[in-house]
Amino acid sequence: MDLNGSELDEMIIAEKKQVAIEYHNEAWADGISDGIETEILAETAITTAVTELVRRYGETDVLDMIDSLRKRVEYGEFRADRALQ
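The rules behind these values
- Residues numbered from 1 in each chain as written.
- Predicted model: local features only at pLDDT ≥ 70, side-chain atom pairs only at ≥ 80, totals over all residues.
- Heavy atoms only, no water.
- Helix = DSSP H or I, 4+ residues; strand = E, 2+ residues; numbered from the N terminus.
- Expected span 1.5 Å × (residues − 1).
- 1 Å grid on protein atoms, 1.4 Å probe; cavity = no way out; pocket = protein on both sides within 12 Å on 5 of 7 lines; lining within 4 Å.
- Points joined across faces, edges and corners; volume = space filled by probe spheres on them.
- Nonpolar A, V, L, I, M, F, W, Y, C, P; charged D, E, K, R; others polar.
- Salt bridge = Lys/Arg side-chain N within 4 Å of Asp/Glu carboxyl O.
- Buried < 20%, exposed > 50% of the residue type's maximum accessible area, 1.4 Å probe, protein only.

1. Looking at helix α2 (residues 38–57)
1) Next: A rise of 1.5 Å per residue sets the reference length of α2, with its 20 residues, at 28 Å; its end C-alpha atoms lie 28 Å apart and thus fit the reference within 8%.
2) Next: Backbone geometry just downstream of α2 places G58 in the positive-phi region, at approximately 95 degrees.

2. Side note on the layout of surface pockets
1) Next: Its volume calculated, the largest pocket comes out at about 490 Å³.
2) Next: Every residue along the wall of the largest pocket is listed here: W28, A42, A45, I46, A49, V50, L53, V62, M65, I66, L69 and R72.
3) Next: Elements supplying a minimum of two residues to the lining of the largest pocket: α2 and α3 (59–74).
4) Next: At 6 residues, the largest contribution of residues to the lining of the largest pocket is made by α2.
5) Next: Considered class by class, the residues forming the lining of the largest pocket number 11 nonpolar, no polar and 1 charged.
6) Next: Considered as a void within the structure, the second largest pocket measures approximately 380 Å³ in volume.
7) Next: In terms of lining residues, the second largest pocket is bounded by I13, K16, K17, A20, I21, H24, N25, A45, T48 and A49.
8) Next: No other element matches helix α1 (residues 5–33), which puts 7 residues into the lining of the second largest pocket.
9) Next: The residue makeup of the lining of the second largest pocket, split by class, is 5 nonpolar, 3 polar and 2 charged.

3. Topic: the pattern of salt bridges
1) Next: Considering all chains together, one arrives at 5 salt bridges under this definition.
2) Next: For R55, the salt bridge identified is with E52, shortest N-O distance 2.7 Å. Highlighted residues: R55 and E52, both in helix α2, separated by 3 residues, approximately one helical turn.
3) Next: According to the relative accessible area criterion, E52 is partly exposed, its value standing at 32%.
4) Next: Between D81 and R79 there is a salt bridge; the shortest N-O distance is 2.9 Å.
5) Next: Judged by relative accessible area, which is 60%, D81 ranks as exposed.

Here you go:
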């Protein structure tokens with residue numbers, strides 16, 4: 001397989017995202033098994049993420065990101081019953 005630098009970078013990022021999802025899923029399952037409600041897990045995850053993003057990128061950029069996420073929610077991207085095409 002002959003990859004250029006950009007393709008390799010994309011593959012590395014995709015792998016890191018997959019590992020991060022696995023970490024989050026494990027932490028989520030641990031929290032549920034410890035009796036923590038999903039709403040509490042979700043709110044603390046979002047709060048932690050937004051705090052870190054504001055620290056790194058500033059409030060303006062994070063607000064733009066949140067606006068983008070809002071649009072994705074409105075379009076149904078995160079619905080559990082969403083049909084993948």
